[in-house]
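# Topology and contacts: notes
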Amino acid sequence: MPSYIIVTGGVMSGIGKGLLAASIGRLLKSCGYKVALTKIDPYVNTDAGTLSPFEHGEVFVLDDGGETDLDFGHYERFTNVSITKNHSITTGQVFGQVIENERKGEYLGKTIQIIPHVTGEIKKRLRENAKDVDFLIAEIGGTVGDIEGITFMEAVRQLKKEDKVVNVHLTFLPLTGIDQKTKPTQHSVIEMRRMGVSPDLVVGRCSNRLTENTKRKISLFCSVEEEEVISDPDLSNIYELPLALRDEGVHRIIQKKLGMKVKEPELGEWQKFVDNYGKGPEVVVGIVGKYARGDTYLSIQEAIAHAGVATRVKPVIKWIDCEEVEKNPGCIGKIDCMITPGGFGNRGAEGKIIGIRQARTHKIPWLGLCFGFQLAVVEFARNELGLKQANSTELDPTTPDPVIIPHWEARHDIMEGTMRLGSMKVVLEEDSRMSKIYGQTVVHERHRHRYGLNPKYGESLQQKGLIFTGACPEDQTIETLELPDQFFIGVQFHPELKSRPTRPHPLFVGLLKAARARQQA
Ligand code: GLN
C-alpha cells in the first residue's frame with residue numbers, strides 16, 4: 001500500500017515548498033523507494049498552459065504534453081522521474097469533473113456537495129497517482145488558510161484518517177536581529193488544526209539553521225517532537241537540500257512514522273554533483289530574452305548549471321534584455337556564448353534577431369531554443385538570402401517572405417491553432433554536428449510551439465549554408481539547424497526540460513565546451 005507525504009505551506013508563499021517536495025522525493029528515492037510527485041494547484045485554471053510566464057514563472061512541459069508550472073521542473077530534476085499530466089491537479093479540473101459526472105447522472109440524483117463529492121474526487125485522483133509507487137509526495141500550492149485551498153485541506157484530513165499519511169508543513173521564521181521568531185509558525189499550525197490537520201513534521205525556512213531553543217519552542221507549541229522540527233536554511237545551491245534533509249534525519253522520521261523498516265539513502269552521485277557545483281573557470285553565458293521575473297527561464301538556468309558541473313566550468317549568466325538590445329546592440333558586451341530562449345510575440349523579437357546576428361557573424365557559440373530556432377531562420381534569410389522583409393507570420397502576418405509559418409499550414413491533418421506539445425521523436429543526420437553532440441541519431445525531445453520552418457524556403461537556406469539536420473519522422477517537422485564551421489545550433493524543441501543534475505543535456509554541455517574552447521583559443 002502506498003504512503004502519502006503531503007507538503008503544505010504556512011506564513012507565506014514562495015519559500016520553497018516545491019523544492020522541499022522535490023528534495024523529499026530525492027531522499028526517499030535514494031533510500032530505494034519508488035516515488036511519484038503530484039502538485040495540487042488551488043487556482044481555477046485547468047492547467048498552467050494559459051498562465052502568463054511573467055506572472056507565474058515558466059511553463060514546464062511534460063513528456064505527455066502536460067503544461068505545468070516550474071515546480072514540476074524541480075520534481076523531475078530532483079527525482080529523474082518522468083511525470084504525467086494527471087499529476088497536476090487543479091481546482092478547475094476537480095470541479096470540472098464533478099460537474100461533468102453530475103450531468104452524466106453518475107451521482108444518482110444525490111445533492112452534490114463539497115463533502116463528500118468534491119473531496120472524494122480529490123482523494124480519487126491522489127490515489128490514482130499513488131497506484132504504482134511506495135510514496136506519493138503531494139504538494140498543496142498556496143498557503144494554509146487560503147480560501148482556495150480549504151477543500152484540499154479537507155481532503156487531506158479525510159485521507160489522513162483513511163490512508164498512511166505524513167504531513168510535512170513548511171513555514172517561515174523571520175529574524176529580528178538574531179532572534180528566530182516562531183509566532184507566525186505557531187499561527188499557521190493553529191490555522192491547520194482548525195481544519196482538522198496536525199503536522200507531523202515542521203520544516204522551518206530561515207536564513208540560519210534553527211537553534212535548539214527555536215526547535216524546542218516549535219515542538220512545544222505545535223505538538224511535534226523536537227527531532228520533528230527540521231531546519232531549512234539558506235544553502236549555496238538548491239541541490240544541497242536533499243543532503244541537508246538527510247542530515248536532519250527526515251528519511252528516518254518519515255519511515256518510522258509509517259512503521260517501516262528504516263533504510264538509509266545512497267546519495268553518493270548526488271553528493272559528487274553538489275561538490276563540483278559552480279567550480280572551475282568562469283564562462284559567461286548571455287541569455288537574450290524578456291525579463292519580468294527571475295524564474296521565467298528557470299529550466300534553462302538549471303540546464304546550464306548541470307552542464308557546468310559536467311564540463312568543470314562555472315557558468316555565469318548574463319541576462320541581456322532583448323528590448324534593450326533593440327535600442328543599443330552594444331549592450332550585449334563580452335560573452336563567451338549565447339542562448340536565445342523560447343518566446344511568443346513581437347515584443348523584443350528584433351532584439352533577439354540582432355543578438356543572433358552578432359553570434360553568427362562573430363562566431364560566438366550559440367544555442368537557439370524553439371523561438372530562437374525560428375528567429376535564426378529569419379535572421380539568415382534576411383542577411384544571407386537578401387530577403388529583407390523575411391519574417392515569421394507570428395510577428396508579421398503580411399510578410400512577403402514567410403519563412404516561419406504555423407505548422408498546420410505546412411501539413412493538413414491538424415486543426416488550426418493547435419499547439420505542438422510534448423515529447424516527439426527526432427531523427428538526426430548521421431554526419432551532422434547534432435548527432436555527434438548527442439552521440440546518437442534518434443532522440444526524443446519536448447515541444448511547445450505553433451510555428452515552424454516553411455518548407456518552401458528550406459532548399460535556398462541550405463544552399464547558402466544553413467543546414468537542417470534533424471526532423472520528426474511522424475509529421476516531417478524540421479527540428480534542428482546548424483552551421484557547418486561554428487557552434488551555431490538551433491532546435492525547434494526545448495532540451496532544457498530534459499536536463500537533470502547527473503544527466504546533463506548534451507546540447508548545453510556542447511555549448512559550454514565550445515565556449516570554453518573559444519576562450520582558450
Ligand atoms: N512563438 C513560437 C511558436 O509558437 C515559439 C514558441 C516557443 O518558443 N515555445 O512557435
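Above this note sits the structure.
Here's what I pulled together on the structure shown here. (Residues numbered from 1 in each chain as written. Predicted model: local features only at pLDDT ≥ 70, side-chain atom pairs only at ≥ 80, totals over all residues. Heavy atoms only, no water.)

### Examining the overall build of the protein chain
- Scanning the protein chain from terminus to terminus reveals 19 helices and 23 strands.
- Against the 2.2 N^0.38 benchmark of 24 Å for 521 residues, the protein chain shows a C-alpha radius of gyration of 25 Å, consistent with a compact globule.
- Projected onto its principal axes, the C-alpha positions of the protein chain cover 75 × 60 × 40 Å.
- Considering the protein chain as a whole, with its 521 residues, one finds that 57% of them fall into the buried category.
- With the model as given, the accessible surface of the protein chain reaches about 21,400 Å², and the carbon-plus-sulfur share is 50%.
- Positive and negative charge centroids in the protein chain, built from 66 and 68 side chains respectively, lie 3 Å apart. (Helix = DSSP H or I, 4+ residues; strand = E, 2+ residues; numbered from the N terminus. Rg over C-alpha atoms; globule rule 2.2 N^0.38 Å. Buried < 20%, exposed > 50% of the residue type's maximum accessible area, 1.4 Å probe, protein only. Areas by Shrake-Rupley, 256 points an atom, 1.4 Å probe, with all protein chains shown as cover. Lys, Arg positive; Asp, Glu negative; His and termini not counted. Charge placed at Lys NZ, Arg CZ, Asp CG, Glu CD.)

### Comments concerning the site of the ligand
- The ligand sits among G342, G343, F344, C370, F371, Q374, E394, R448, H449, R450, Y451 and H494.
- Between an oxygen atom of the ligand and a main-chain N or O atom of R450, the distance comes to 3.0 Å.
- Note that an oxygen atom of the ligand is positioned 2.8 Å from one of the backbone N or O atoms of Y451.
- When the residues that make up the shell around the ligand are grouped by side-chain class, the tally is four nonpolar, five polar and three charged. (Near = heavy atom within 4 Å. Polar contact = N/O pair within 3.5 Å; in protein donor to acceptor, adjacent residues only side chain to side chain. Nonpolar A, V, L, I, M, F, W, Y, C, P; charged D, E, K, R; others polar.)

### Side note on the pairing of strand β2 (residues 35-41)
- The element β2 is extensively covered by neighbouring structure, given that seven of its seven residues are classed as buried.
- With burial as the criterion, each face of β2 is covered, one bearing V35, L37, K39 and D41 and the other bearing A36, T38 and I40.

### Comments concerning the sheet that holds strand β13 (residues 314-321)
- Taken in spatial order, the nine strands make up an open sheet running β13-β12-β14-β15-β23-β22-β21-β18-β19, and their pairing is mixed. Looking at which strands have only one partner, the edges of the open sheet turn out to be β13 and β19 (442-449). Shown here is a sheet whose adjacent strand axes are inclined to one another by a mean of 25°, direction ignored.
- The pairing of strand β22 (residues 478-482) with strand β23 (residues 488-491) spans three bridges and is classified as antiparallel. Looking across to β23, one finds that L481 is bridged to G490.
- Helix α12 (residues 298-311) contacts β12 (282-289), β13, β14 (337-340) and β15 (366-369) of the sheet and is inclined by roughly 155° relative to β13. (Pairing = 2+ DSSP bridges. Axes fitted to C-alpha atoms, helices over the stretch in contact; angles between N-to-C directions. Contact = heavy atoms within 4.5 Å.)

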